[in-house]
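# Observations on the three-dimensional arrangement
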Amino acid sequence: MKILVAVKRVVDYNVKVRVKFDDSGADLANVKMSMNPFDEIAVEEAVRLREAGVATEVIAVSAGVTQAQETLRTALAIGADRAILIESGEDLQPLAVAKLLKALVDKEQPGLVILGKQAIDDDSNQTGQMLAALANLPQATFASKVVVADGKATVSREVDGGAEMLSLTLPAVVTTDLRLNEPRYVTLPNIMKAKKKPLEVIKPEDLGVDVTPRLKTLKVVEPPKRSAGVKVPDVKTLVEKLKTEAKVL
Ligand code: AMP
């Protein structure tokens, strides 16, 4: 069974993102980019399934600019077997990415497609769900445990106040939550090995997909600055201030 894993190149999660002068979006000039953290978890899960003998091949896919090849090399260093970059300079929105992935699902026929539950740059939380709908596959989102056996995936999902267990018939789409696993540390020998693994570059046209954006971002604004807090000497003063100043008591 093949596993297809979607990995997105995003602003590194440690970077404090700034908004551009004209409020048109985040300023990405000279900003460190990395693999979306949920996608690292997706690659780790796929590689563990291959190591356990459940899967035979892990294919990492990214859609985006040429530099997304670096992100794919990281996926290969974690342990993916080969990679595909769908190269495009267009602003790729979730529906476009879902259509590209659907075309690859048709071509590669994976038993499982694993995506992150959300990309930390656009926070859309849409691509996996759209892919499942387009490819007519069962889906389990926000997975915290995945067990694959006998043509089925048993997935625990994180839901408000608890967990839900689903059984899906393969092929299926799974999106990862934070607690699914802890991705391994990428070692230097594996980074070197990853350089020799196959990385194919194709274009959206090769998959017959129109990736023209459907949505236009009107404005992006930073959250309002929080005013500094004050220290009070005792509970009596606190209660007094809550009554007279904050007027919440
Ligand atoms: P989103 O729906 O944008 O929050 O993204 C959810 C997941 O879809 C991500 O965690 C990735 O696994 C996948 N994804 C989104 N955009 C891309 C992309 N450009 N290339 C590869 N995978 C992507």
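Thresholds, definitions, all that
- Per chain, residues are indexed from 1 in the order of the written sequence.
- Reporting of local features is limited, given that this is a predicted model, to residues whose pLDDT is at least 70; pairs of side-chain atoms are given and counted only at 80 or more, and all residues count toward the totals for whole chains, interfaces and linings.
- No hydrogens and no water enter the side-chain calculation; it runs on all heavy atoms of the structure.
- Pairing between two strands requires that DSSP report at least two bridges joining them.
- Secondary structure counts use DSSP, requiring at least four H or I residues in a row for a helix and at least two E residues in a row for a strand, with both numbered from the N terminus.
- Orientation is described by axes fitted as lines to C-alpha atoms, over the contacting stretch for helices, and by angles from 0 to 180 degrees between their N-to-C directions.
- In this description, contact between two residues means that some pair of their heavy atoms is separated by no more than 4.5 Å.
- UniProt positions are given in the numbering used here, feature names are shortened, and annotations may be inferred rather than shown by experiment.
- Note on exposure labels: buried denotes an accessible area under 20% of the residue type's maximum, exposed denotes more than 50%, and partly exposed covers the range between, all computed with a 1.4 Å probe on protein chains only.
- Angular relationships are summarised with four words: roughly parallel below 35 degrees, roughly antiparallel beyond 145, roughly perpendicular across 65 to 115, and oblique for the angles in between.
- Each crossing is labelled by how the near helix is turned from the far one, with a counterclockwise turn of less than a right angle marking it left-handed and a clockwise turn marking it right-handed.
- Note that Gly is not counted as nonpolar here; it falls among the polar residues with everything else outside the nonpolar set of Ala, Val, Leu, Ile, Met, Phe, Trp, Tyr, Cys and Pro and the charged set of Asp, Glu, Lys and Arg.

### Digging into the sheet that holds strand E5 (residues 82-87)
Hydrogen bonding along the main chain pairs the strands of a sheet, whether they run parallel or antiparallel. The 9 strands lie next to each other as E9-E8-E7-E10-E6-E1-E4-E5-E11, forming an open sheet whose pairing is mixed. Whereas interior strands pair on both sides, the edge strands pair on one side only; in this sheet they are strand E9 (162-169) and strand E11 (199-202). Taken over all neighbouring pairs, the strand axes of this sheet differ in orientation by 30° on average, direction set aside. Sheet topology places strand E6 (residues 112-116) next to strand E10 (residues 172-176); 5 bridges connect them, and they run parallel. Its bridge partner being in E10, leucine 115 is matched across the sheet by threonine 175. Lying over the sheet, helix H1 (residues 37-51) contacts strand E1 (2-6), strand E4 (57-64), E6, strand E7 (139-149) and E10, oriented at roughly 150° with respect to E6. Across the sheet, helix H3 (residues 94-108) touches E1, E4, E5, E6 and E11, and the angle it forms with E5 is around 140°.

### Notes on the UniProt feature "domain: Electron transfer flavoprotein alpha/beta-subunit N-terminal" (unreviewed entry) in the protein
When the UniProt feature table is mapped onto this chain numbering, "domain: Electron transfer flavoprotein alpha/beta-subunit N-terminal" (unreviewed entry) sits at residues 23-211. Span residues 23-211 is 31% helix and 31% strand, its end C-alpha atoms 24 Å apart.

### Description of the pairing of E10
A regular strand places its side chains so that they alternate between the two faces of the sheet. Counting buried positions over the 5 residues of E10 gives 5, a clear majority of the element. What you see with E10 is no split at all: Ala172, Val174 and Thr176 on one side and Val173 and Thr175 on the other are buried throughout. Relative to E10, E7 is paired through 3 bridges, and the arrangement is parallel. By the bridge assignment for E10, alanine 140 is matched with valine 174.

### Topic: the packing of H3 against helix H4 (residues 127-135)
For the pair H3 and H4, interaxial distance at closest approach is 8 Å and the crossing angle is 45°. Judged by the inter-axis angle, H3 sits oblique to H4. Crossing of H3 over H4 shows right-handed handedness. Between H3, through Pro94, Leu95, Val97, Ala98, Lys99, Leu101, Lys102 and Val105, and H4, the contact on the second element is made entirely by Thr127, Met130, Leu131, Leu134 and Ala135. In terms of residue class, the contact of H3 with H4 is made up of 10 nonpolar, 1 polar and 2 charged.

### Considerations on helix H2 (residues 68-78)
Of all the positions in H2, only Ala68, Thr71, Leu72, Ala75, Leu76, Ala77 and Ile78 are classed as buried. Backbone geometry just downstream of H2 places glycine 79 in the positive-phi region, at approximately 145°.

### Some remarks on unusual backbone geometry
For the peptide bond that leads from leucine 170 to proline 171, omega is 0°, which places it in the cis range. By the element assignment, proline 171 lies in the loop between E9 and E10. Within the chain, aspartate 23 stands out as a residue other than glycine whose phi angle is a positive 60°. In this structure, aspartate 23 sits in the loop between strand E2 (9-11) and strand E3 (33-35).

### Some remarks on the environment of lysine 243
By secondary structure assignment, the location of lysine 243 is in helix H6 (residues 235-244). According to the relative accessible area criterion, lysine 243 is partly exposed, its value standing at 47%. Along the backbone, lysine 243 and aspartate 121 are 122 residues apart, and their C-alpha atoms lie at a distance of 41 Å.

### Observations concerning the packing of H2 against helix H5 (residues 188-195)
For the pair H2 and H5, the least separation of the axes is 8 Å and the interaxial angle reads 120°. Considered as vectors, H2 and H5 are oriented oblique to each other. The element H2 and its partner H5 pack so that their crossing is right-handed. Residues Arg73, Leu76 and Ala77 of H2 touch H5, and the partners they reach there are Asn190, Ile191, Ala194 and Lys195. Here the contact of H2 with H5 is composed, by residue class, of 4 nonpolar, 1 polar and 2 charged.

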